[in-house]
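Okay, here's what each chain looks like letter by letter:
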Amino acid sequence: MNLMLNTALSSFGAQVVLVTSSDENHPPESMIDGNTETFWLSTGMFPQEFIIRFPDNMKISVISIDSSNIKQLRIEKSTQEDEKFDLVAEKEFEHTEGGLQTNEIQVDSSNATQLRFLILSGYDHFVSVHRVGIQA
């Protein structure tokens, strides 16, 4: 059975534990509240990075992300807080003028305690992440 956790990841105990830039009007927690109307906004330099930590080791097969202006994204995982990160996926997003980029990234079913998202480049100086979802 596929369990879609596209509701707020924060309600499952997930936390954004690191972010390279922050705007008080668009806090990083907005990425995991399940609402595409709220979002995290970068400050304009690349790469940008954020890490989402789960309360337990989670099985992950699909990562969905709603964003704007992201060009190149790398996703890495770790299974322990102090462990190094391993590459999960790297993807180039299509530019969507005026709308959200909605991407589902298939990953080899694996477990992760943390996911690191590295935004390597963008279509504009600023990028936004509206929602991150996980499917087991």
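Residues numbered from 1 in each chain as written. Predicted model: local features only at pLDDT ≥ 70, side-chain atom pairs only at ≥ 80, totals over all residues. Heavy atoms only, no water.

Enquirer: How should the packing of aromatic side chains be read in this particular structure?
Expert: What describes a pair of aromatic rings is the distance from one ring centre to the other and the angle between the planes of the rings. For the structure on display, the rule yields two aromatic pairs. Seen from their ring centres, Phe 50 and Phe 117 are 4.6 Å apart, and the 10° between their planes marks the pair as stacked. Residue Phe 50 is located in strand β4 (residues 48-68), and its partner Phe 117 is located in strand β7 (residues 101-122); the two are separated by 67 residues in the primary sequence. The exposure class assigned to Phe 50 is buried, which follows from its relative accessible area of 0%. (Phe/Tyr/Trp six-rings, centres within 6.5 Å; stacked < 30°, edge-to-face > 60°. Helix = DSSP H or I, 4+ residues; strand = E, 2+ residues; numbered from the N terminus. Buried < 20%, exposed > 50% of the residue type's maximum accessible area, 1.4 Å probe, protein only.)

Enquirer: Any chance you could explain the pattern of salt bridges here in plain terms?
Expert: When their charged atoms lie close together, side chains carrying opposite charge are able to pair. Under the criterion given, the structure shown has six salt bridges. Between Arg 131 and Asp 66 there is a salt bridge, with the nearest N and O atoms lying 2.8 Å from each other. Here the residue Arg 131 occupies a position in strand β8 (residues 128-135), and Asp 66 occupies one in strand β4, the gap between them amounting to 65 residues. For Arg 131, a relative accessible area of 12% puts it in the buried group. Note that Glu 76 is salt-bridged to Arg 74, the shortest N-O span being 4.0 Å. Taken together, the shared-partner salt bridges in this structure form one network comprising Glu 49, Arg 74, Glu 76, Glu 90 and Arg 116. (Salt bridge = Lys/Arg side-chain N within 4 Å of Asp/Glu carboxyl O.)

Enquirer: Help me understand the side chain of Glu 49, please; the structure alone is not making it clear to me.
Expert: Mapping Glu 49 onto the fold places it in strand β4. Aside from chain neighbours lying at most four places away, what touches Glu 49 is Leu 18, Val 19, Thr 20, Arg 116, Phe 117 and Leu 118. (Contact = heavy atoms within 4.5 Å.)

Enquirer: Even after reading the chapter, I still don't get the confidence of the model for the protein, so can you show me in this structure?
Expert: Parts of the model with low pLDDT should not have their predicted coordinates read in detail. On average, residues of the protein carry a pLDDT of 89, and 94% of them reach 70 or more. Model confidence for the protein, summarised as mean pLDDT per element, is weakest for strand β1 (residues 4-5) at 51 and strongest for strand β5 (residues 70-78) at 97. (pLDDT = per-residue confidence, 0-100.)

Enquirer: Would you mind showing me how to read the UniProt feature "domain: F5/8 type C" (unreviewed entry) in the protein here?
Expert: Following the UniProt record, the feature "domain: F5/8 type C" (unreviewed entry) maps to residues 20-124 here. Between the end C-alpha atoms of residues 20-124 the distance is 17 Å, and the span holds 0% helix and 58% strand. (UniProt positions renumbered as here; feature names shortened; annotations may be inferred.)

Enquirer: Explain the pairing of β8 to me, please; I cannot follow it from the model alone.
Expert: A regular strand places its side chains on the two faces of the sheet in alternate fashion. Among the eight residues that make up β8, eight are buried, leaving the element largely enclosed by the rest of the structure. Pairing of strand β3 (residues 40-41) with β8, which is carried by two bridges, proceeds in the antiparallel orientation. Across the sheet, residue Trp 40 finds its bridge partner in β8, namely Val 129. (Pairing = 2+ DSSP bridges.)

Enquirer: Even after reading the chapter, I still don't get the environment of Gln 15, so can you show me in this structure?
Expert: With respect to the element layout, Gln 15 can be found in strand β2 (residues 15-19). Sequence spacing of Gln 15 and Gln 114 is 99 residues, and the spatial spacing of their C-alpha atoms is 9.5 Å. Excluding anything up to four places from it in sequence, Gln 15 contacts Ile 32, Ile 51, Ile 52 and Arg 53.

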